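Coordinate inspection notes
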Amino acid sequence: MSVILREERRSELPLIAFTTLVPAAEGVCLCALAGMGASALAEGGAFDLAGLGALAALAWVLTSIGMAASVAHLAKPLRAPRSLANLRSSWLSREIAAVSVFWALLLAWLAACALGRTVLAVAANLLAVAAGAALLVVVALAYRVSPRPAWCGSEGLAELWACALGAGPAASFALAGGDPMPLAASCAFVAVSLGGLAVDVWSHRARRRRLQAIAPRSDERVSLTLARYAHLWPCVRRLWAAEGACCVVFAAAVALAGVGVHGVVVAALAAAAAAGQLCVHAQHRNLFYELPVQVRWAAKLRK
Amino acid sequence: MQHAFHFNVKRCAQCFACEVACKSAHGLRPHAQEEPGASGPRFRQVVTLESEDGSAPVQYVSMACMHCGDAACMSVCPAGAIYRDHEFGAVLVDHAKCLGCRYCSWACEFGAPQFDRDGLMVKCDMCIDRLREGKKPACVQTCCGGAITLEPVEGGVNAPRETAARRMSAAKRLL
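Summarised in this report is the structure supplied together with it. (Residues numbered from 1 in each chain as written. Chains lettered and ligands numbered in written order. Predicted model: local features only at pLDDT ≥ 70, side-chain atom pairs only at ≥ 80, totals over all residues. Heavy atoms only, no water.)

**Brief notes about the overall build of chain B**
The condition that has to hold: Here a helix means four or more residues in a row that DSSP labels H or I, a strand means two or more in a row labelled E, and each is numbered from the N terminus. Partly exposed describes any residue whose relative accessible area lies between the buried limit of under 20% and the exposed limit of over 50%, with all areas from a 1.4 Å probe on protein chains only and scaled to the type maximum. Should any heavy atoms of two residues lie within 4.5 Å, those residues are counted as being in contact.
Helix and strand counts for chain B come out as six helices and eight strands. Of the regular secondary structure in chain B, the N- to C-terminal order runs β-α-β-β-α-β-β-α-β-β-α-α-β-α. When burial is assessed residue by residue, chain B has 46% of its 175 residues classed as buried. Sequence separation of at least 24 residues holds for 53% of the intrachain contacts in chain B that already meet a minimum separation of 6.

**Concerning the packing of helix α2 (residues 49-72) of chain A against helix α5 (residues 155-175) of chain A**
Residues and elements named next belong to chain A. Note the cut-off: To obtain an axis, a line is fitted to C-alpha atoms, over the contacting stretch when the element is a helix, and the angle between two such axes runs from 0 to 180 degrees between their N-to-C directions. When an angle is under 35 degrees it counts as roughly parallel; over 145 it counts as roughly antiparallel; between 65 and 115 it counts as roughly perpendicular; any other value is oblique. Whether a crossing is left-handed or right-handed is set by the direction in which the near helix is turned from the far one by less than a right angle, anticlockwise for left-handed and clockwise for right-handed. Amino acids are sorted into nonpolar (Ala, Val, Leu, Ile, Met, Phe, Trp, Tyr, Cys and Pro), charged (Asp, Glu, Lys and Arg) and polar (every other residue, Gly among them).
One way to put it is that α2 packs onto α5 with a least axis distance of 10 Å and a crossing angle of 130°. Our classification of the angle between α2 and α5 gives oblique. The handedness of the crossing between α2 and α5 comes out as right-handed. Contacts between α2 and α5 involve A54, L55 and L58 from the first element and A171, S172 and L175 from the second. Tallied by class, residues from the contact of α2 with α5 come to five nonpolar, one polar and no charged.

**Remarks on the nonpolar core**
Nonpolar side chains in soluble globular proteins generally cluster together in the buried interior. For the record, the criterion: Side-chain atoms within 4.5 Å are what join buried Ala, Val, Leu, Ile, Met, Phe, Trp, Tyr and Cys residues into a set we call a nonpolar core.
Core analysis: the largest hydrophobic core is formed by 96 residues, its most contacted members being F102, W109 and F250 of chain A. When neighbours within four sequence positions are excluded, F102 of chain A is seen to be in contact with V22, A25, E26, C29, T63, A128, A131, G132 and L135 of chain A. In this structure, V46, F88, V140 and C143 of chain B belong to the second largest nonpolar core, which totals 15 residues.

**Regarding the packing of helix α3 (residues 91-114) of chain A against helix α4 (residues 118-142) of chain A**
All names here are of chain A. Close contact between α3 and α4 brings their axes to 8 Å; oriented N to C, the two are set at 160°. Comparing the axis directions of α3 and α4 gives the class roughly antiparallel. In this structure, α3 crosses over α4, and the sense of that crossing is left-handed. Of the residues assigned to the contact of α3 with α4, the class counts are 23 nonpolar, two polar and two charged.

**Some remarks on the interface of chain A and chain B**
Accessible area lost on assembly of the parts is the figure often given for the size of an interface. Rule in force here: Accessible surface is computed with a 1.4 Å probe, and the buried area is the amount of it that two parts give up when combined, taken over both parts together. For this document, the term salt bridge refers to a Lys or Arg side-chain nitrogen within 4 Å of an Asp or Glu carboxyl oxygen. Think of a polar contact as two N or O atoms within 3.5 Å of one another; within protein, one of them needs to be a possible hydrogen donor and the other a possible acceptor, and neighboring residues in sequence only count if both atoms come from side chains.
Each side of the interface is counted separately: chain A has 41 residues, and chain B has 40 residues. With both chains or domains summed, chain A and chain B bury close to 3,300 Å², and 55% of this area falls on carbon and sulfur atoms. Between the two partners, chain A and chain B, sit one salt bridge. Between E109 of chain B and R221 of chain A there is a salt bridge; the shortest N-O distance is 2.8 Å. Inspection of the chain A/chain B interface yields 19 residue pairs in polar contact (both at pLDDT 80 or more). If you list the elements that add at least two residues to the side of chain A that touches chain B, you get α3 and β2 (295-297) of chain A. In the side of chain A that touches chain B, the residues fall into 22 nonpolar, eight polar and eleven charged.

**Concerning unusual backbone geometry**
Residues and elements named next belong to chain B. Backbone geometry at H67 places phi at a positive 45°, although glycine is not the residue there. Structurally, H67 is set in the loop between β3 (59-63) and α2 (72-76). According to the relative accessible area criterion, H67 is buried, its value standing at 4%. Its identity as a non-glycine residue notwithstanding, M126 has a phi of 60°, on the positive side. As for its placement among the helices and strands, M126 is situated in the loop between β7 (121-122) and α4 (128-132).

Following this line, the structure appears as structure tokens:
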């Protein structure tokens, strides 16, 4: 038996910004690494360091804005450095440490590109991708708190990766100026973007299935969360449709680039797709924060 | 020595005196003028439990922070602002260190962490100042039915677990 706490509906916009922009930055890092590898293979070891620098700058700016938003979430932002005080047991402390490492590697990557240091830039890109992947795992673990069963599955990590896969290719393509790519690369970029949509669809369905499976032997939090999920499900479907539309716009941009349409038009289309992906994933995160029902445990009634 | 609140549900008359005494002792504002219907932070809250089919009698439960032996809020706080008092075992918060990130409120099973206007975490502190003066907590002092008591837990923070484990072991033998 439990009591539903009077819920204060507080805007989690700063956390939504952090958990949308940071995965998007990781997506840009991945696309940069993939593009660098592909062009190096195609052009016999040469690639565009200036283009790589632009991607590094984008990833660094996205992460910086995300970090600034997460600091703004605090009641005492000036005490933010104290958030590293409990690395031993707090996943939130570890998340702050991980995002700091990611941000530093992005800055190193940007600096290496600006200074024309190719080997350093490649190494920094690789390390940033690895650090970003670890960061997403740590962020997902920070949300695994037992009073919120909706957050306790692997769907949280999947949704973060969905944002990376959805927003990364479109943003990278837009920043690259909409230049035509080899057919294989174009198909791969669009496939990755569609992969993000598939992961989003899977994560919501998997979360609902998991909660339905544990509901019979669980407490009221699960059944209340399922009721809320049922109420929000039409919104989830609309988000899937919107995300699909963004993938279509991105695919159209890539196709137009392939047939020689002017780069500015193509870049604008890709940028619109990227912005749409960010908005959709921000709304996915908003639903993530809306789902849990906070209850206060009380003693079981005895007959 | 670890202390714990004990609540005798059969003695509670739902007079809410414990809630009022707690708010008064800690100077907690009701916020009623700014937000009609609001109650502001309530360290101790009397909740009414009724079974859906009416088969069980209505019960009133006065709940506050459980000062858990394995406090989730303490382990998740990124700033290390939540700590345990060694003398009475109360789980306390250092407002000079609290960031106001609200992570503790996500981790607590009992809804104990709450947030006042400044955004920093506040919660039941077992009236630690009164305890150090040799007095009882405000809720214990005020409860006219003797439903709430504060008693030392022999064996420290793990004693309730050990007691439960012994009982479960005994029940298994009976089966």
